[in-house]
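# Observations on chain architecture
What follows is each chain in one-letter form.
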Amino acid sequence: MKTEPINEMKLVFPSSSSNEGFARAAVAAFAAQLDPTVDEISDIRTAVSEAVTNCIVHAYRDTIGKIEILMRLYEGGKLVIQVKDKGCGMEDVEKAMEPLFTTGGEERAGLGFAVMESFMNRLHVTSRPGKGTCVTMEKRLVGRSGYGR
Ligand SMILES: Nc1ncnc2c1ncn2[C@@H]1O[C@H](COP(=O)(O)OP(=O)(O)OP(=O)(O)O)[C@@H](O)[C@H]1O
Ligand SMILES: [Mg+2]
């Protein structure tokens, strides 16, 4: 049986870089109901920031498109975050996720996916060239009161 989230939210905004800070803050604000630790909030902000930046600089490289963030909260403190775009997509997701792989040239380190992977408990990426990309991240929060333990 499919478990229903106990709370959820959806956010849609254009891929202008001025929205990066907004996305980070909105995600942190939603996660706040779990009474997360400073480290947990920082991990989520960092991972979402990497995913949103990828939409801005890669998916919609020379254009502005829509970015969608979905957050779902489940019993026991599990948080599932999806960051979706309808941009250029990737030919080879596995290759793109390898640490240091980048199509961004000198400016980019190729570490965004590695950061998402290390700060979250699970990372799953699906992509279709010309159609877009969906990054799904999961984190189990213990919280300051030990709620998710
Ligand atoms: N949303 C996306 N749409 C299209 N391509 C993407 C997307 N996200 C990532 N990529 C591709 O995957 C590569 C690796 O992404 P990753 O975030 O790991 O590194 P980077 O963005 O190149 O560098 P860094 O994140 O360290 O600045 C990118 O260079 C790009 O080619
Ligand atoms: Mg990146």
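Just so it is clear, the model here is predicted, and its values are computed rather than measured.

### Regarding the packing of helix α1 (residues 20-31) against helix α2 (residues 38-59)
Following both chains from N to C, one finds α1 and α2 inclined at 145°, their axes separated by 9 Å at the closest point. Note on packing geometry: the crossing formed by α1 with α2 is right-handed. When α1 is examined against α2, the residues Glu20, Ala23, Arg24, Ala25, Val27, Ala28 and Ala31 are found in contact with a partner set consisting of Ile41, Ile44, Arg45, Val48, Ser49, Val52, Thr53 and Ile56.

### Observations regarding the site of ligand 1
Close contacts around ligand 1 come from 19 residues, with Asn54, His58, Thr102, Thr103 and Leu111 the closest. Within the side chain of Glu50, a nitrogen or oxygen atom sits 3.5 Å from an oxygen atom of ligand 1. Take His58: an N or O atom from its side chain is 2.7 Å from an oxygen atom of ligand 1. Contact with the protein chains removes 93% of the 600 Å² of surface that ligand 1 exposes when unbound. Among the secondary structure elements, those contributing two or more residues to the shell around ligand 1 are α2 and α4 (112-119).

### Some remarks on the UniProt feature "domain: Histidine kinase/HSP90-like ATPase" (unreviewed entry) in the protein chain
Cross-referencing UniProt, the feature "domain: Histidine kinase/HSP90-like ATPase" (unreviewed entry) maps to residues 39-143 in the present numbering. For the annotated span residues 39-143, helix accounts for 31% and strand for 31% of the residues, and the straight-line distance between the end C-alpha atoms is 10 Å.

### Some details on the side chain of Thr133
One can find Thr133 in strand β5 (residues 132-140). Relative accessible area serves as the criterion here: at 9%, Thr133 is assigned to the buried category. Within the structure, the side chain of Thr133 is placed 2.8 Å from the side chain of Ser127, a separation counted as a polar contact. Beyond its immediate chain neighbours, meaning those up to four positions away, Thr133 contacts Val83, Lys84, Asp85, Gly89, Met90, Val125, Thr126 and Ser127.

### Describing the nonpolar core
With 39 residues, the main nonpolar core has Ile69, Leu79, Ile81 and Met137 as its most contacted residues. Examining the composition of this core, we find that 9 residues originate from one element, α2, more than from any other. Once residues lying within four places of it in the same chain are set aside, the contact partners of Met137 are Ala47, Val48, Ala51, Leu79, Val80, Ile81, Val83, Met116, Met120, Arg122 and Leu123.

Definitions and limits used
- Residues numbered from 1 in each chain as written.
- Chains lettered and ligands numbered in written order.
- Predicted model: local features only at pLDDT ≥ 70, side-chain atom pairs only at ≥ 80, totals over all residues.
- Heavy atoms only, no water.
- Axes fitted to C-alpha atoms, helices over the stretch in contact; angles between N-to-C directions.
- Helix = DSSP H or I, 4+ residues; strand = E, 2+ residues; numbered from the N terminus.
- Left-handed = near helix turned anticlockwise from the far one by under 90°.
- Contact = heavy atoms within 4.5 Å.
- Near = heavy atom within 4 Å.
- Polar contact = N/O pair within 3.5 Å; in protein donor to acceptor, adjacent residues only side chain to side chain.
- Areas by Shrake-Rupley, 256 points an atom, 1.4 Å probe, with all protein chains shown as cover.
- UniProt positions renumbered as here; feature names shortened; annotations may be inferred.
- Buried < 20%, exposed > 50% of the residue type's maximum accessible area, 1.4 Å probe, protein only.
- Core = buried A, V, L, I, M, F, W, Y, C linked by side-chain atoms within 4.5 Å.

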